[in-house]
Amino acid sequence: MEVTIPAENNGTSWNGGNNNPLGASYGKMMMWFFILSDALTFSGFLGAYGFMRFKFHDSWPIADEVFTHFPFLHGVHAPMYYVAIMTFILIFSSVTMVLAVDAGHQMNKKKVTFYMLLTIVGGAIFLGSQAWEWKNFINGTYGAVKLNDGKIIQFVDASGEQITLESFVKSQHSGRTQLDRSKGVWFMKEAELPPFTLNEVVESFKANPAISIRTELINSETKTKTIIPHNQALGFLNEAKTVVKGANLRENEYGKTLFANFFFFITGFHGFHVLSGVIINTIVFFNVIVGTYERRGHYEMVEKVGLYWHFVDLVWVFVFTFFYLV
Amino acid sequence: MTHAQEHTSHTKLIWKVFAILSVITIAEVALGITKPAALHLTKFLGTSPLNIIFLVLTLVKAYYITWFFMHMADEKKSLRRAVVWTALFLIIYLATLLLIEGSYINDVLGPLTKWNY
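Residues numbered from 1 in each chain as written. Chains lettered and ligands numbered in written order. Predicted model: local features only at pLDDT ≥ 70, side-chain atom pairs only at ≥ 80, totals over all residues.

Some thoughts on the overall build of chain B
To keep things clear, this is the line we draw: Every helix listed is a DSSP run of H or I at least four residues long, and every strand listed is a run of E at least two residues long, numbered separately from the N terminus. The size measure is the radius of gyration over C-alpha atoms, and the globule rule it meets is 2.2 Å times the number of residues to the 0.38 power. Burial is judged by counting other C-beta atoms within 10 Å of a residue's own C-beta: 20 or more means buried, 12 or fewer means exposed, and anything between counts as partly exposed, with every C-beta placed from the backbone. Residues are scored as being in contact if the C-beta atoms we place from backbone atoms lie within 7 Å.
When its secondary structure is counted, chain B shows five helices and zero strands. Along chain B, from the amino end to the carboxyl end, the secondary structure elements read α-α-α-α-α. Relative to a compact globule of 117 residues, whose C-alpha radius of gyration would be 13 Å, chain B shows 20 Å and is clearly more extended. Reported as C-alpha extents along the three principal axes, the dimensions of chain B are approximately 75 × 35 × 25 Å. Out of the 117 residues belonging to chain B, those deemed buried represent 16%. Partitioning the intrachain contacts of chain B with sequence separation of at least 6 by distance along the chain shows that 47% fall at a separation of at least 24.

Considering the overall build of chain A
Within chain A, the regular secondary structure consists of nine helices and five strands. Taken from the N to the C terminus, the helices and strands of chain A come in the order α-α-α-α-β-β-α-β-β-α-β-α-α-α. What you see for chain A is a C-alpha radius of gyration of 26 Å, clearly larger than the 20 Å of a compact globule of 326 residues, by over 25%. Dimensions along the principal axes, computed over C-alpha positions, put chain A at roughly 90 × 50 × 40 Å. By residue count, 38% of the 326 residues in chain A fall in the buried class.

Focus on the domain arrangement of chain A
As a reminder of what qualifies: Domain delimitation in this document rests on an assignment produced automatically or drawn from a domain database.
Each domain of chain A was delimited in the assignment, giving domain 1 (28–140 + 259–325) and domain 2 (144–245). Of note, the centres of domain 1 of chain A and domain 2 of chain A, computed from C-alpha atoms alone, are 36 Å apart.

With respect to the nonpolar core
Quick note on the threshold: Here, a nonpolar core denotes buried Ala, Val, Leu, Ile, Met, Phe, Trp, Tyr and Cys residues that are linked to one another through C-beta atoms within 7 Å.
A100, V112 and M116 of chain A are the most contacted members of the largest nonpolar core, which has 68 residues in total. Elements supplying a minimum of two residues to this core: α1 (26–55), α2 (63–66), α3 (81–105), α4 (109–139), α7 (257–289) and α9 (300–325) of chain A together with α2 (11–34) and α4 (49–69) of chain B. Once you skip the residues sitting within four places of it in the chain, M116 of chain A turns out to touch A100, N281, V284, F285 and V288 of chain A. Among the nonpolar cores identified, the runner-up in size contains 15 residues, and L165, F196, F205 and I228 of chain A belong to it.

With respect to the interface of chain B and chain A
Residue-level contacts link 47 residues of chain B with 47 residues of chain A. Contributing elements (two or more residues each) for the side of chain B that touches chain A: α2, α4 and α5 (77–109) of chain B. The element best represented in the side of chain B that touches chain A is α5 of chain B, accounting for 18 residues.

Remarks on α9 of chain A
We apply this condition: Helices are assigned an expected span. That span is 1.5 Å times one less than the residue count.
Spanning 26 residues, α9 of chain A covers 36 Å between terminal C-alpha atoms, matching the ideal 38 Å at 1.5 Å per step. Of all 26 residues in α9 of chain A, 22 are buried, a share of seventy percent or more.

Looking at the environment of F196 of chain A
Residue and element names in this part refer to chain A. With respect to the helices and strands, the residue F196 is situated in the loop between β2 (152–156) and α5 (198–207). Here F196 falls in the buried class, since 21 other C-beta atoms lie within 10 Å of it. Along the chain, F196 and V243 lie 47 residues apart, while their C-alpha atoms are 7.1 Å from each other. In contact with F196, other than residues within four places in its own chain, are L165, V169, S171, V201 and V243.

Considering unusual backbone geometry
All names here are of chain A. In the Ramachandran plot, M107 falls in the positive-phi region, its phi being about 55° despite a non-glycine side chain. Checked against the element boundaries, M107 lands in the loop between α3 and α4. For M107, a count of 14 C-beta atoms within 10 Å puts it in the partly exposed group. The residue K223 is not glycine, and still its phi comes out positive at about 55°.

Regarding the packing of α9 of chain A against α4 of chain B
Threshold: Lines fitted to C-alpha atoms define the axes here, with helix axes fitted over just the stretch in contact, and angles between the N-to-C directions of these axes take values from 0 to 180 degrees. In this scheme, roughly parallel covers angles under 35 degrees and roughly antiparallel covers those over 145, while 65 to 115 is roughly perpendicular and the rest are oblique. Lys, Arg, Asp and Glu make up the charged group, whereas Ala, Val, Leu, Ile, Met, Phe, Trp, Tyr, Cys and Pro make up the nonpolar group; the residues left over, Gly among them, are polar.
Where α9 of chain A contacts α4 of chain B, the two axes come as close as 10 Å, and the packing angle between them is 175°. Looking at the two axes, α9 of chain A sits roughly antiparallel to α4 of chain B. Judged by residue contacts, H310, D313, L314, V317, F318, T321 and L325 of chain A of α9 of chain A engage F54, T58, K61, A62, I65, T66 and F69 of chain B from α4 of chain B. Class assignment of the residues belonging to the contact of α9 of chain A with α4 of chain B gives a composition of eight nonpolar, four polar and two charged.

Quick word on the domain arrangement of chain B
Split by domain assignment, chain B resolves into domain 1 (1–74) and domain 2 (76–117). Between the C-alpha centres of domain 1 of chain B and domain 2 of chain B the distance comes to 22 Å.

Some words on α5 of chain A
Residue and element names in this part refer to chain A. We apply this condition: Read the arc as the range of directions from the helix axis to the C-beta atoms.
All of the buried residues along α5 are E200, V201 and F205. The buried side chains of α5 occupy one side of the element, clustering within an arc of 130° when seen end-on. In α5, those exposed residues whose orientation departs by more than 90 degrees from the buried face are K206 and A207. On its buried face, α5 is in contact with β1 (144–147), α6 (230–237) and β5 (240–244).

A few points about the sheet that holds β1 of chain A
Residue and element names in this part refer to chain A. Convention followed: Whether two strands pair comes down to DSSP finding at least two bridges between them.
Taken together, five strands build an open sheet; the order of strands is β4-β3-β2-β1-β5 and the sheet is antiparallel. The open sheet has two edge strands with one neighbour each: β4 (224–228) and β5. This sheet shows a mean twist of 40° between the axes of neighbouring strands, independent of strand direction. Pairing of strand β3 (residues 212–219) with β4 involves four bridges; the strand directions are antiparallel. When the sheet's bridge partners are listed, I218 is paired in β4 with K225.

See the structure below:
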C-alpha cells in the first residue's frame, strides 16, 4: 500500500491529508480533550471540598471572616473586594487573549504581539495577587486557641466583633525563647512559637470580663458563629491546648484545618496552572515576535494556548464561587 | 466557518462578552458583601436562595467564557457535544453522589459532636 503525503500540511490536519475529524485540527481537538480531562480533575478536587463542606456545614469557616485584607488598608474589614479585583484581572487577561486570537485570524502580527504581552502581564499580576492572599492567610489576622479535640476558639469583644490576641493579652515575659540553629546544635530547631503562651492568654482572658469567646458552631438562624458568654467560657479554655496564629496545613486560626488544606491545595493547583499558562504564553509570545507563525501562515498556536488560558479563567470562576461566595 | 468569516474581526462581540462578565461579577460581589437577609437566611431547594443565585450566575459566566472566548460556538456540533456533554454528565454525577454522602455524614456525625464544655 502506498501512502501519499503532501509536502505542506502546516500541522493543521491529522495526517497531511484533508481529514479533520470533528472539524478541528489535531492540535485544537487534543487541547479540547486535555481541557476536558483537566476540568474533571478540578471537579474531583472541588467535589471533595464540597463533600467536606457538607459534612461540616454547621461549623465551616465563613469566608467573609477569613479573607478580609485589602492592600494599604490595615485593620479595615474589607471582605471580597480584593478577590473581586483578582477575578477582574484574570477576566481581563482572558479578554486580551481572545483579542490576540482575533488579531491572529487577521494575520496582524503587531496586534497579536501587543495583546499577548498584555495577557502575560495580567497573568503575572494575578500570580502576585494570589501570593499576597496566601501571605495574609498564612500570617493570620486575630489569633485563636485550639482545644484538645482540635476545635478552634476565637475571642470577641462585647459587641461580638472578633478581636486580636494582641489587643487583650498581657505578656508575662515568662515564655521561653524559640530554639533555632544559632542557639543550639546546628541540626536543632523548632517551629515558630505562637506570639503568646497559652497561660498568658487564659490569664488575660480571666482578668478582662468584657471579652468572651466564640466557637466554630454556626447558628443556622442567623448564619453567624455562636458566642459563649464570659462566665461559661472558662470551661472551654480549660480544654485549651495551644495558641494558634495564622493558617497552615496543620492548624488554622479561622476554624477547620481542612479549610486551609483545601484552600492551599485547590488555589495552589490553580495557581500552578496560571504559572504554566504564563510560561507557555511567553514562549508563544517570542515565537510571534520572531515571526514563526507569520511564516507558518496561520496563528493557530495562539488559538491553542488561548484555549488553555481561558480554561484557567474558567476554573477560577468556579474556585471564586465555591471558596468566597457560597 | 467559511474562509471569509475567519478574517472578519469579532472585537465588538468580545467587548460585549467582557461587559456581561463584568456586570455578573459585580452583581456577585455586591450580593456577597451585602448578603440580603431575605436571600441569605431563608431556605430554598435545600440551601439559601443566595447560593442558588451564585451558582446560576457562575454557570452563566462559564457559558459565556466557553462559547465566546473559547469559540465553542464556532466548533462543530459533534466536538461541542463530545466535550460539553461529557463534562456536564460526569461532573453532575460526581457532585451529586459526593454531596449526598457528605450531608448524610453530617446527619450522623452532627448530633455526636460536642459543642459545650
